[in-house]
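Architecture at a glance
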Amino acid sequence: MAYETIIVEVDNHVATVTLNRPDALNALNDQLMSELAEALTAAQDNEKVRCIIITGSEKAFAAGADIAMMREKSFVDAFSGDLFTPETDQILRVRKPIIAAVSGYALGGGCELAMMCDFIICSDTAKFGQPEINLGVVAGIGGTQRLTRIVGKSKAMDMNLTGRFMDATEAERSGLVSRVVPCKKLLEEATGAAQKISEKSMISVMVVKEAVNRAYEVPLREGLLFERRMFHALFATEDQAEGMGAFLEKREAQFRDK
Ligand code: CO8
């Protein structure tokens, strides 16, 4: 499939999707969101792919939803068209892990897209923000909800009310990102993490993704029950026998996703 606003490369079990609208700092428009959702679904369906990376350019992961596209919309257009909802739903249905590799600006919808991924690795030049308030609107795909759960009320209010940007150091301190690396090393670090994940049993990997995401959806008691039941269920897999056997036999495990 030929895409115009993203570039997709599959190498060594890792699909890397690069947002590619350099003239608009990778601003998210209808075409980019629909191509991104389609590429991620294709990666989900591709047996060779075991982990996915979404990245942008050095200057911008994505500077938000496309303001030029949104400017002329009326309430009826936005509400009836359900802007970005089908695409974000499709992205959230992907069961393989997705790493956001962020350099430069991740603002508005860009920050929200990064937070939709399973974890964020960023470069020391990254800048996160929810500046929608400066445009007379508010965040629309998670900036008041996911950000609050991740960094807490005080910082989420600060970011959404003032529109200020958070640098990489603050983002790591706040738990928004898992690692900060020099800009030139960003893709190497993200790819290394993706390849490490690719070596695991895909069944355990998908269970981890589901269980951690469930922590944001259900009360602790329910989440713990889900985790315990999934832990029990994994004893039905060949990969459990292989993983534990390999440890005791002091050799590398060869997982077969069975
Ligand atoms: N949309 C469209 N074009 C953009 C955007 C954007 N979000 N961001 C940058 N661009 C364009 C600029 O217009 C400019 O184009 P041109 O060269 O044709 O004038 C080009 O990218 C380069 O940008 P700048 O010249 O502004 O570059 P600077 O280095 O001076 O500044 C900034 C970089 C600080 C990132 C600046 O571009 C900026 O502030 N951008 C807007 C950031 C913003 O407000 N983002 C939030 C957008 S709203 C949003 O994301 C809502 C998401 C929720 C959607 C929910 C749907 C349900």
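What this report covers is the structure whose coordinates are included nearby. If you're wondering where the values come from, they're calculated on a predicted model, not measured in any experiment.

Quick look at the pairing of strand S7 (residues 119-123)
Of all 5 residues in S7, 4 are buried, a share of seventy percent or more. When strand S5 (residues 98-102) meets S7, the two strands line up parallel, connected through 4 bridges. Looking across to S7, one finds that Ala101 is bridged to Ile121. Where S7 and strand S10 (residues 179-181) come together, 3 bridges link them in parallel fashion. In the strand pairing of S10, Cys122 is matched with Val180.

A few points about the pattern of salt bridges
Note that side chains of opposite charge can pair when their charged atoms are close. Enumeration according to the criterion identifies 13 salt bridges in this entry. Across the pair Arg21 and Asp66 runs a salt bridge, and its minimum N-O distance is 2.8 Å. Of this pair, Arg21 sits in the loop between strand S2 (14-19) and helix H1 (30-45) while Asp66 sits in the loop between strand S4 (60-62) and helix H2 (67-71); the two residues are 45 residues apart in sequence, bridging distant segments of the chain. Side by side, Arg21 and Asp66 carry an identical accessibility label, which is buried. For Glu242, the salt bridge identified is with Arg251, shortest N-O distance 2.8 Å.

A few points about the sheet that holds strand S6 (residues 105-107)
With mixed pairing, the 4 strands of this open sheet are ordered in space as S4-S6-S8-S9. Of all the strands in the sheet, just S4 and strand S9 (165-167) have a single pairing partner and so form its edges. Taken pair by pair, the neighbouring strands of this sheet meet at an average axis angle of 20°, ignoring direction. Note: S6 against strand S8 (residues 127-129), 3 bridges, orientation parallel. Bridging from a neighbouring strand, Leu107 pairs with Gly129 of S8. Of the strands in this sheet, S4, S6 and S8 touch helix H5 (residues 109-116), which is tilted by about 90° from S6.

Section: the side chain of Gln130
Following the sequence through the fold, Gln130 ends up in the loop between S8 and helix H6 (146-151). Assessed through its relative accessible area of 0%, Gln130 is described here as buried. A polar contact of 3.2 Å, which involves the side chain of Gln130, links it to the side chain of Glu132. With residues near it in sequence (within four places) discarded, Gln130 still touches Gly108, Cys111, Glu112, Met115, Ala139, Gly143, Leu147, Met159, Asn160 and Gly163.

Regarding a nonpolar patch on the surface
Among the surface-exposed residues, Ile67, Leu135 and Val137 lie close enough to one another that they form a single nonpolar patch of about 270 Å² accessible area. By the element assignment, Val137 lies in the loop between S8 and H6.

Topic: the site of the ligand
Around the ligand, a shell composed of 23 residues is seen, among which Lys59, Ala63, Ala65, Ile67 and Gly109 lie nearest. The separation between an oxygen atom of the ligand and a polar main-chain atom of Asp23 is 3.4 Å. With respect to the ligand, the backbone of Gly109 contributes an N or O atom lying 2.8 Å from an oxygen atom. If the ligand stood free it would expose 1100 Å²; the protein chains cover 62% of that surface. A class-by-class count of the residues in the shell around the ligand yields 14 nonpolar, 4 polar and 5 charged.

Cut-off values and rules
- Residues numbered from 1 in each chain as written.
- Predicted model: local features only at pLDDT ≥ 70, side-chain atom pairs only at ≥ 80, totals over all residues.
- Heavy atoms only, no water.
- Buried < 20%, exposed > 50% of the residue type's maximum accessible area, 1.4 Å probe, protein only.
- Helix = DSSP H or I, 4+ residues; strand = E, 2+ residues; numbered from the N terminus.
- Pairing = 2+ DSSP bridges.
- Salt bridge = Lys/Arg side-chain N within 4 Å of Asp/Glu carboxyl O.
- Axes fitted to C-alpha atoms, helices over the stretch in contact; angles between N-to-C directions.
- Contact = heavy atoms within 4.5 Å.
- Polar contact = N/O pair within 3.5 Å; in protein donor to acceptor, adjacent residues only side chain to side chain.
- Patch = residues over 30% accessible without salt bridge, like charges linked within 9 Å, V, L, I, M, F, W, Y side chains within 5 Å.
- Areas by Shrake-Rupley, 256 points an atom, 1.4 Å probe, with all protein chains shown as cover.
- Near = heavy atom within 4 Å.
- Nonpolar A, V, L, I, M, F, W, Y, C, P; charged D, E, K, R; others polar.

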